[in-house]
Amino acid sequence: MSSKQSEPSSYNLEVKGLTISRNEQPLLEDTDLSFNAGSITHLFGENGAGKTSLMRALAGLLPLDSGQILWNQIKNTHPESNFNQDLLFLAHNLAMKHELSIAENLQFYSILRGRKSSLEELSKVAAELQIENLLERHFSDLSAGQQHKVALCRLVLETVKLWVLDEPFVNLDAKTRDWLSAKMMHFAKEGGVVIFTSHQAIEGLKIHQRISLSHSEEEAA
Amino acid sequence: MFLTLLKRELMLARRNWVAVLIPLFFFVIVVSLFPFAVSPEAEFLQQIAAGVVWVAALLAVLLSLDLFYRGDFQDGSLEQLLIMASPIQVALSKVTAHWLVTGLPLVLISPLLAGLMHLNYAPNGAVEMNHTPIMMLSLLLGTPTMCLLGAIGMSLSLAASRNGMLVAVMILPLYVPILIFGSSVITASLANSGYNAQIAILAAILLFALVLTPYTTGKALKVAVS
């Protein structure tokens, strides 16, 4: 099953026979999905249709009822899989500590990825997002939109192959939305895999695959 | 990786220093209530000293557990940590930080309470024995075990309930063996009999917990975020 002929430059995420449920309610049943290198996938569906659950399952946080998730043909939980190092999962909650400064928060995550990002790198991204003079401030001092921007900085600072983004466009101003779309397209161009959810259509973003989730069953479009 | 995680925990604890100090004050205040409530007589206090100090230490450890797990769970950091690091490392770094900022200060401040409880009291001119180092040793071996076991309970209850009392109810029964051997170390020392066996058992429980509980806590943390 796990034939290891993966080319180093191309990455793909495959989901086979996935069944997940939340609170004993089945959300997806026996679903096959595939996300290729260089593609941007838009997950959409009503509230409660299971978008977040699917994302959490893809990130390895939600246990699967059955099926498997293959990253470069290797199971994501296999010890030889680089899945966790290659994955960046941004959830609703921004996973930043209020007691730490923005720079400290971001640097901690980049250290966990194996390479501490320098202050220059930090200020460069921060400048793109107009938060460069807030780097030393505590995370709790920021407004909701600014906090969201801080979390987005991780996309640039951490070198990964797969982005799983839960509602990344929510709370953002038009300028930052454009910035994020550009980053997503750039990342995909470099061979990365992007999966995101959004309720609105994002103008200017080239989407390669749309997956709609509905309450009863899922159908890939 | 472990050091990075540990450094983060310690940094967060330093920023939250007020919350970190509360269990320590709690420990000191609970013990100092006994001379007022029971009897200020040295002979009597000496007899109950072992039990009082140990029970107070145990409650102080429980009181401080919340700080190290709840915050990360609520703001989603725990998920990120579990994606990027192995659950065992996350568990071990949290327990280590918890012990360093709560358990160790309890051990270090305990001589003060030994004085308060007249632990070294000797009636009319008998040869004075110093029991304080023995008490510190018993706490030094006991508090890490309490942190390790508490971590399991805390991780299990993270998703279940917002009520910290649930942890206390789940974990306190597991603390009984540590409490028995820990306080009997001091009692044996007061009776001038050997206490090596109790010390050895405390150390054995600690080693056992050190090997097994990080794995269990890691699993429990995984369950909590799912």
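Our subject is the structure that appears above.
Below is a short write-up of the structure.

What counts as what
- Residues numbered from 1 in each chain as written.
- Chains lettered and ligands numbered in written order.
- Predicted model: local features only at pLDDT ≥ 70, side-chain atom pairs only at ≥ 80, totals over all residues.
- Heavy atoms only, no water.
- Helix = DSSP H or I, 4+ residues; strand = E, 2+ residues; numbered from the N terminus.
- Rg over C-alpha atoms; globule rule 2.2 N^0.38 Å.
- Buried < 20%, exposed > 50% of the residue type's maximum accessible area, 1.4 Å probe, protein only.
- Pairing = 2+ DSSP bridges.
- Contact = heavy atoms within 4.5 Å.
- Axes fitted to C-alpha atoms, helices over the stretch in contact; angles between N-to-C directions.
- Phe/Tyr/Trp six-rings, centres within 6.5 Å; stacked < 30°, edge-to-face > 60°.
- Lys NZ or Arg CZ within 6 Å of the ring centre and 35° of its normal.
- Salt bridge = Lys/Arg side-chain N within 4 Å of Asp/Glu carboxyl O.
- Polar contact = N/O pair within 3.5 Å; in protein donor to acceptor, adjacent residues only side chain to side chain.
- Buried area = accessible area lost by both parts, 1.4 Å probe.
- Parallel < 35°, antiparallel > 145°, perpendicular 65-115°, else oblique.
- Left-handed = near helix turned anticlockwise from the far one by under 90°.
- Core = buried A, V, L, I, M, F, W, Y, C linked by side-chain atoms within 4.5 Å.
- Right-handed = clockwise from strand over helix to strand, strands pointing away.
- Expected span 1.5 Å × (residues − 1).

**Digging into the overall build of chain B**
Okay, step 1: Summing up its helical and strand segments, chain B has eight helices and zero strands in all.
Okay, step 2: The linear arrangement of helices and strands in chain B, starting from the amino end, is α-α-α-α-α-α-α-α.
Okay, step 3: Relative to a compact globule of 226 residues, whose C-alpha radius of gyration would be 17 Å, chain B shows 18 Å and is just as compact.
Okay, step 4: Dimensions of chain B, computed from C-alpha atoms along their principal axes, come out at roughly 65 × 35 × 30 Å.

**With respect to helix 1 (residues 51-58) of chain A**
Residues and elements named next belong to chain A.
Okay, step 1: Among the eight residues of helix 1, seven are classified as buried, and the element is accordingly described as predominantly covered.
Okay, step 2: Restricting attention to buried positions, one finds in helix 1 the residues K51, S53, L54, M55, R56, A57 and L58.
Okay, step 3: Phi for G60, located one or two positions after helix 1, is positive at around 85 degrees.

**Comments concerning the sheet that holds strand 5 (residues 74-75) of chain A**
Residue and element names in this part refer to chain A.
Okay, step 1: Strands sit in the order 2-1-4-5 across an open sheet of four strands; the sheet is antiparallel. Each having just a single partner strand, strand 2 (25-35) and strand 5 make up the two edges of the open sheet.
Okay, step 2: Bridge count between strand 4 (residues 66-71) and strand 5: two bridges; the pairing is antiparallel. Bridge pairing in strand 5 places L70 opposite K75.
Okay, step 3: Helix 1 contacts strand 1 (13-22), strand 2 and strand 4 of the sheet and is inclined by roughly 125 degrees relative to strand 1.

**Structural notes on the environment of L205 of chain A**
Okay, step 1: Secondary-structure assignment places L205 of chain A in the loop between strand 8 (193-197) and strand 9 (209-213).
Okay, step 2: L205 of chain A sits 22 residues away from K183 of chain A along the chain, and the two C-alpha atoms are 10.0 Å apart.

**A word on the packing of aromatic side chains**
Okay, step 1: Going through the model one piece at a time under the given rule, you end up with four aromatic pairs over all chains.
Okay, step 2: Plain terms: the ring middles of F108 of chain A and Y109 of chain A are 5.4 Å apart, the flat faces sit at 55 degrees to each other, and that makes the pair tilted.
Okay, step 3: Since its relative accessible area comes to 1%, Y109 of chain A is described here as buried.
Okay, step 4: Ring centres 5.7 Å apart and planes at 70 degrees place the aromatic pair F169 of chain A and F196 of chain A in the edge-to-face group. One end of the pair, F169 of chain A, is in the loop between strand 7 (162-165) and helix 6 (174-189); the other, F196 of chain A, is in strand 8, and 27 residues separate them in sequence.
Okay, step 5: The residue whose ring lies beneath R154 of chain A is Y109 of chain A, and the NZ or CZ to ring-centre distance is 4.0 Å.
Okay, step 6: The ring of F108 of chain A is capped by R8 of chain B, whose NZ or CZ atom sits 4.9 Å from the centre of that ring.

**Quick notes on the pattern of salt bridges**
Residues and elements named next belong to chain A.
Okay, step 1: Overall, the coordinates contain 16 salt bridges over all chains when judged by the stated rule.
Okay, step 2: Across the pair K183 and E128 runs a salt bridge, and its minimum N-O distance is 3.7 Å. Within this pair, whereas K183 is found in helix 6, its partner E128 is found in helix 4 (residues 119-128), the two being separated by 55 residues in sequence.
Okay, step 3: On the basis of relative accessible area, E128 is assigned to the partly exposed category, the value being 32%.

**A word on the side chain of S138 of chain B**
All names here are of chain B.
Okay, step 1: When you line up the elements, S138 lands in helix 6 (residues 132-160).
Okay, step 2: Judged by its relative accessible area of 0%, S138 falls in the buried class.
Okay, step 3: Side-chain polar atoms of S138 contact the side chain of W54, separated by 3.3 Å.

**Regarding the interface of chain B and chain A**
Okay, step 1: Contact residues are listed per partner, giving 22 residues for chain B and 27 residues for chain A.
Okay, step 2: For the pair chain B and chain A, the two sides together bury roughly 2200 Å², of which 60% comes from carbon and sulfur.
Okay, step 3: In this assembly, chain B and chain A are joined by four salt bridges.
Okay, step 4: With a shortest N-O distance of 2.6 Å, D72 of chain B and K97 of chain A are connected by a salt bridge.
Okay, step 5: The interface formed by chain B and chain A includes 11 residue pairs in polar contact (both at pLDDT 80 or more).

**Quick word on the pairing of strand 3 (residues 40-45) of chain A**
All names here are of chain A.
Okay, step 1: Burial analysis of strand 3 places five of its six residues in the buried class, which makes it a mostly covered element.
Okay, step 2: Two strands pair when backbone bridges link them, and strand 3 and strand 9 are joined in this way by five bridges, in the parallel orientation. Residue F44 lies in a different strand from strand 9, and its bridge partner there is S212.

**Considering the packing of helix 3 (residues 42-74) of chain B against helix 5 (residues 87-116) of chain B**
Residue and element names in this part refer to chain B.
Okay, step 1: Running from amino to carboxyl end, helix 3 crosses helix 5 at an angle of 155 degrees, the nearest separation of the two axes being 10 Å. When the axis of helix 3 is compared with that of helix 5, the two are roughly antiparallel. Crossing geometry of helix 3 relative to helix 5 is assigned as right-handed. Note on element contacts: helix 5 touches helix 3 through K94, V95, A97, H98, V101, T102, L106 and L116, opposite L45, A57, A60, V61, S64, L65, F68, Y69 and D72.

**A word on the nonpolar core**
Okay, step 1: Of all hydrophobic cores here, the largest spans 138 residues; its most connected members are M184, I195 and F196 of chain A.
Okay, step 2: Apart from the residues lying within four places of it in its own chain, the contact partners of M184 of chain A are I40, W163, L165, F169, V194, F196 and L205 of chain A.

**Overview of the pairing of strand 7 of chain A**
Residues and elements named next belong to chain A.
Okay, step 1: Here strand 7 shows no split at all, with L162 and V164 on one side and W163 and L165 on the other all buried.
Okay, step 2: Here strand 6 (residues 87-90) pairs with strand 7 via four bridges, running parallel. Within strand 7, the residue paired with L87 across the bridge is L162.
Okay, step 3: This β-α-β element, strand 7 to helix 6 to strand 8, shows right-handed connectivity.

**Focus on helix 6 of chain A**
All names here are of chain A.
Okay, step 1: In this model helix 6 runs 23 Å from its N-terminal to its C-terminal C-alpha over 16 residues, within 8% of the 22 Å that 1.5 Å per residue would give.
Okay, step 2: Among the residues of helix 6, T176, W179, L180, S181, M184, F187 and A188 are the ones counted as buried.
Okay, step 3: Packing partners of the buried residues in helix 6 comprise strand 3, helix 4, helix 5 (144-157), strand 7 and strand 8.

Any link to function would need more than the numbers given here.
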